[in-house]
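Next come the chains, spelled out residue by residue.
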Amino acid sequence: MARIRGRHAARRVATTAAGHRRRSGLRSARYRRGLGGTAVAAVVMAALTASQAPGVELAGEHGTDRPGSAGDRTPGDDDYATELPPLESPHPPGTSEPGGSGDTSGIPASVLAAYKKAARSLASRTPGCGLRWELLAGIGKVESGHARGGAVDKEGTTLRPILGPALNGKGFAHIADTDGGRWDGDTTYDRAVGPLQFIPSTWDRWGADGNGDGRKDPNNIHDAALAAGAYLCADGRDLSSGAGLDRAVLSYNNSSDYLRTVLAWFEYYRKGTHAVPDRDLSVLPTTPGLGESGGGPNPGADPADDRPGKPNRPSKPGKPDESGSPGEPGGGKPGGGKPGDGDDGDGKPSPGPTGPHAIERVGAGKFTAVAGEDFAGHPVVKVETAKGKGVKGVRVRFEVRGETGAAFEGGARSTTVTTDAQGNATAPALSAGDRTGSFTVRATVPGKKLGSVDFAASVTAPQADTLARTSDSALEAGKGGKFTQAVEVKATRKGKAVANTAVTATFGEDAQTGPYFGKDAQGTPIRRLADLKTDADGVVALPGLFAGDRPGTYTLTLTAEGGATVQVEVTVRG
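What you see is a predicted model; the values in this text were computed from it and never measured.

Calculation criteria
- Residues numbered from 1 in each chain as written.
- Predicted model: local features only at pLDDT ≥ 70, side-chain atom pairs only at ≥ 80, totals over all residues.
- Heavy atoms only, no water.
- Helix = DSSP H or I, 4+ residues; strand = E, 2+ residues; numbered from the N terminus.
- Buried < 20%, exposed > 50% of the residue type's maximum accessible area, 1.4 Å probe, protein only.
- Contact = heavy atoms within 4.5 Å.
- Areas by Shrake-Rupley, 256 points an atom, 1.4 Å probe, with all protein chains shown as cover.
- Disulfide = S-S within 2.5 Å.
- Salt bridge = Lys/Arg side-chain N within 4 Å of Asp/Glu carboxyl O.
- Phe/Tyr/Trp six-rings, centres within 6.5 Å; stacked < 30°, edge-to-face > 60°.
- Lys NZ or Arg CZ within 6 Å of the ring centre and 35° of its normal.
- Pairing = 2+ DSSP bridges.
- Axes fitted to C-alpha atoms, helices over the stretch in contact; angles between N-to-C directions.
- Core = buried A, V, L, I, M, F, W, Y, C linked by side-chain atoms within 4.5 Å.
- Parallel < 35°, antiparallel > 145°, perpendicular 65-115°, else oblique.
- Left-handed = near helix turned anticlockwise from the far one by under 90°.
- Nonpolar A, V, L, I, M, F, W, Y, C, P; charged D, E, K, R; others polar.

Peer 1: Honestly, the overall build of the protein in this entry has me stumped. Any pointers?
Peer 2: What the protein contains, in helices and strands, is nine helices and 21 strands. Buried positions account for 51% of the 574 residues belonging to the protein. Here the contacts in the protein between residues at least 6 apart in sequence split such that 68% fall between residues at least 24 apart. Of the roughly 25,000 Å² of accessible surface on the protein, 48% is carried by carbon and sulfur atoms.

Have a look at this one:
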């Protein structure tokens, strides 16, 4: 991260002198060879000298303010790591070699996993975006050195906060506090937060839960990577194209030098990388500027506040040239160039997106019903803009997928509904059908590459809610005799017969004497039956019942699958 602007300006002038141009991909090796020329060295020296003059604005594109900066025309973000990959390409994936020069191509294991997981998630949510995890890695490299060498806990939260300088308008945009210091520990100004440097107000809009813990934390690499990916894919961008890729990176930081640096690492990682242990400092860039505030030892910080995920009291911000990564308009971090209302790379703010950008699940994702009945719940999705606002009037198609008898009203296997004022689309009532099994209800927006949302559904066999005798006649027999009337019960659910359901009959574990259902091969009386099934009418008749030799009144308990029970009194006369 170039905290010393003269150093960064020299590199910028050098890139221009080298005649570097990016077409379908960044030719970083050729660019770096150009830096070695004598003529370029002279230009570098000139830039270094000129940068010492107070008030001199270096490289015009950095004078462009970030959209949303309330008119503050401040320098662009010169506060990121400007170190470029080495000349040698890393060894291709799958070889026995560890990577490129030294550990340059290595990425801490936890951080690498977060980048890949975020890209996989977005591939299904926004399939038209074409986001590669290597782009997240390129941004993570220059923003924080991959969370300062993978200094994260087992959940992916940075061990010490990574904070940018106060956005107080002195060399950066003027952004008054928006989060009450919740994330950045500053109640006066906002600061960029976390391994991918989101400002609090932008995190409030784009924050994501990447590790499924129910919390959206910019200090967590999983959450931050997923949010950054969604941010880059916003406004329908196609990152598989050169123009789309440029627009996405420039929306993150409106600087051509930042673009070149990120894309250099992007191309480098695409040629091969490998995981290194977490907290491997060898992956940190050698150039300064990795958000030192909160990222390293903080003189004066309360040791009790040095807990994972809890920001320390930030140290007093230094001069703009000496501070860490900024994070807002003029600072160039997410929030200064919000996709859709930021700069798309042509120097002109793009209009706010109002069209469909994503389709998301609302509420439950799993539904269960009993065969022959309707599902109690309804699949619901929301169609929203890049800013998370619901879009009204969008047609959403719900489709039953799988071998099942389930169907919507009228027996239809698919149906189309229109989103309401909140952008929600609710599927109509879904009947389970007569067959048991599992299936999927898929929601899509026809004609839009917004991905799909799947709901898991299952149909279970009917279970009786009532079990009752078919007769109310008393069951009596003399000692040593046999009952003349069979015990018969019927299983029903909501008043309808439940066929082929299991029923168990027992006199209890402690019943050693009294009535029994015949004898087994060893001559032992059988007092428990477990292989009974109801017929098509839901009825099951027990086999012959013998009185036994001990008079008294006994209780026979019958239980149907699902828990419905009935107790029958059986009397043996003396």
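Additional details are given in the paragraphs that follow.
Peer 1: Would you explain the state of the cysteines in this entry?
Peer 2: Working definition of a disulfide: a covalent bond connecting the sulfur atoms of two cysteines. If you walk through the whole model with that rule in mind, you get one disulfide. What pairs with Cys129 in a disulfide is Cys233, and their sulfur atoms sit 2.0 Å apart. What sets the handedness of the Cys129 and Cys233 disulfide is the S-S torsion sign, and at about -80° it is left-handed. Residue Cys129 is found in the loop between helix 4 (109-125) and helix 5 (133-150), and its partner Cys233 is found in helix 7 (residues 221-233); the two are separated by 104 residues along the sequence. Judged by its relative accessible area of 2%, Cys129 is buried. Look at Cys233 and you get buried, because its relative accessible area is 3%.

Peer 1: Help me out: how do you make sense of the environment of Gly164 in this one?
Peer 2: Looking at the secondary structure, you find Gly164 in the loop between helix 5 and helix 6 (200-206). Along the sequence, Gly164 and Asp190 sit 26 residues apart, while their C-alpha atoms lie 8.8 Å from each other.

Peer 1: Looking at this model, I keep getting lost on the pattern of salt bridges. Mind explaining?
Peer 2: When the charged atoms of two side chains with opposite charge come close together, those side chains can pair. One pass over the full model with this rule turns up 12 salt bridges. Note that Arg260 and Asp257 form a salt bridge whose closest N and O atoms lie 2.8 Å from each other. Of the two residues, Arg260 and Asp257 both sit in helix 9 (residues 256-270), three residues apart, roughly one turn of that helix. This pair shows no difference in class: Arg260 is buried, exactly as Asp257 is. Within the structure, one salt-bridge network assembled from shared partners comprises Glu373, Arg493 and Lys494.

Peer 1: What is the right way to read the packing of aromatic side chains from this model?
Peer 2: Geometrically, a pair of aromatic rings is defined through the distance of the ring centres and the angle of the planes. Within the structure shown, the criterion is met by 12 aromatic pairs. Centre to centre, the rings of Phe198 and Tyr252 are 6.4 Å apart; their planes meet at 75°, and the pair counts as edge-to-face. Taken together, the positions of Phe198 in the loop between helix 5 and helix 6 and Tyr252 in helix 8 (residues 242-252) put the pair 54 residues apart, joining distant regions of the chain. Centre to centre, the rings of Phe375 and Phe439 are 5.9 Å apart; their planes meet at 80°, and the pair counts as edge-to-face. Taken as a pair, Phe375 in the loop between strand 4 (366-370) and strand 5 (380-384) and Phe439 in strand 11 (residues 437-444) lie far apart in primary sequence, 64 residues in all. In terms of burial, Phe375 and Phe439 fall into one category: buried. Each residue in the set Phe198, Trp203, Trp206, Tyr231 and Tyr252 is aromatic and connected to the rest through ring pairs, giving one cluster. A cation sits over an aromatic face here: Lys116 above Trp133, 5.2 Å from the ring centre.

Peer 1: What is the right way to read the sheet that holds strand 20 (residues 552-560) from this model?
Peer 2: Strand pairs in the sheet, formed through backbone hydrogen bonds, run parallel or antiparallel to each other. If you trace the five strands from one edge of the open sheet to the other, you get 14-21-20-17-18, paired in mixed fashion. Either end of the sheet is taken by a strand with one partner, and the two such strands are strand 14 (475-478) and strand 18 (528-533). Put simply, the sheet's adjacent strands are angled 25° from each other on average, direction ignored. As defined by bridge partners, strand 17 (residues 502-506) adjoins strand 18 across four bridges and the pair is classed as antiparallel. Across the sheet, residue Ala505 finds its bridge partner in strand 18, namely Leu529.

Peer 1: Sorry, what's going on with the sheet that holds strand 12 (residues 452-460) here?
Peer 2: Read across the open sheet, the five strands follow the order 4-12-11-6-8; overall the sheet is mixed. The two strands at the open ends of the sheet, each matched to only one other strand, are strand 4 and strand 8 (414-418). Strand after strand, the sheet turns through a mean of 25° between neighbouring axes, direction not considered. Inspection of the sheet shows strand 6 (residues 395-401) paired to strand 11 by five bridges, in the antiparallel sense. The partner of Glu399 across the bridge, within strand 11, is Arg442.

Peer 1: Could you clarify how one ought to interpret the nonpolar core in this entry?
Peer 2: Across soluble globular proteins, nonpolar side chains have a tendency to be buried as a group. The biggest cluster of nonpolar side chains holds 52 residues, and the ones touching the most others in it are Tyr115, Leu131, Leu135, Phe198, Leu232 and Tyr252. Broken down by secondary-structure element, the contributors of at least two residues to this core are helix 4, helix 5, helix 6, helix 7, helix 8 and helix 9. Tallying contributions element by element places helix 7 first for this core, with 10 residues. Filtering out sequence-adjacent residues up to four positions away, Tyr115 remains in contact with Ile107, Trp133, Leu136, Ala137, Gly140, Lys141, His146, Ile221 and Ala225.

Peer 1: I tried to follow the packing of helix 7 against helix 8 on my own but got confused; where do I start?
Peer 2: The packing of two helices is summarised by the inter-axis angle and the distance between the axes. Contact geometry for helix 7 and helix 8: axes closest at 8 Å, N-to-C directions at 125°. Our classification of the angle between helix 7 and helix 8 gives oblique. Relative to helix 8, helix 7 is oriented so that their crossing is right-handed. Across the interface between the two elements, Ala228, Tyr231 and Leu232 of helix 7 pack against Ala248, Val249, Ser251 and Tyr252 of helix 8.

Peer 1: Could you clarify how one ought to interpret the pairing of strand 11 in this entry?
Peer 2: In regular strands, side chains alternate between the two faces of the sheet. As paired strands, strand 11 and strand 12 are joined by eight bridges and run antiparallel to one another. Along strand 12, the bridge assignment pairs Arg442 with Asp454.

Peer 1: What is the right way to read the packing of helix 5 against helix 7 from this model?
Peer 2: The N-to-C vectors of helix 5 and helix 7 enclose an angle of 110°; their axes lie 11 Å apart at closest approach. By the angle class used here, helix 5 and helix 7 are roughly perpendicular. Judged by the twist between their axes, the crossing of helix 5 over helix 7 is right-handed. Where helix 5 approaches helix 7, its residues Leu135, Leu136 and Ile139 are matched on the opposing element by Ala225, Ala228, Gly229 and Leu232. Each residue belonging to the contact of helix 5 with helix 7 can be placed in one class, and the counts come to six nonpolar, one polar and no charged.

The quantities given are spatial measurements derived from coordinates; they are silent on function.
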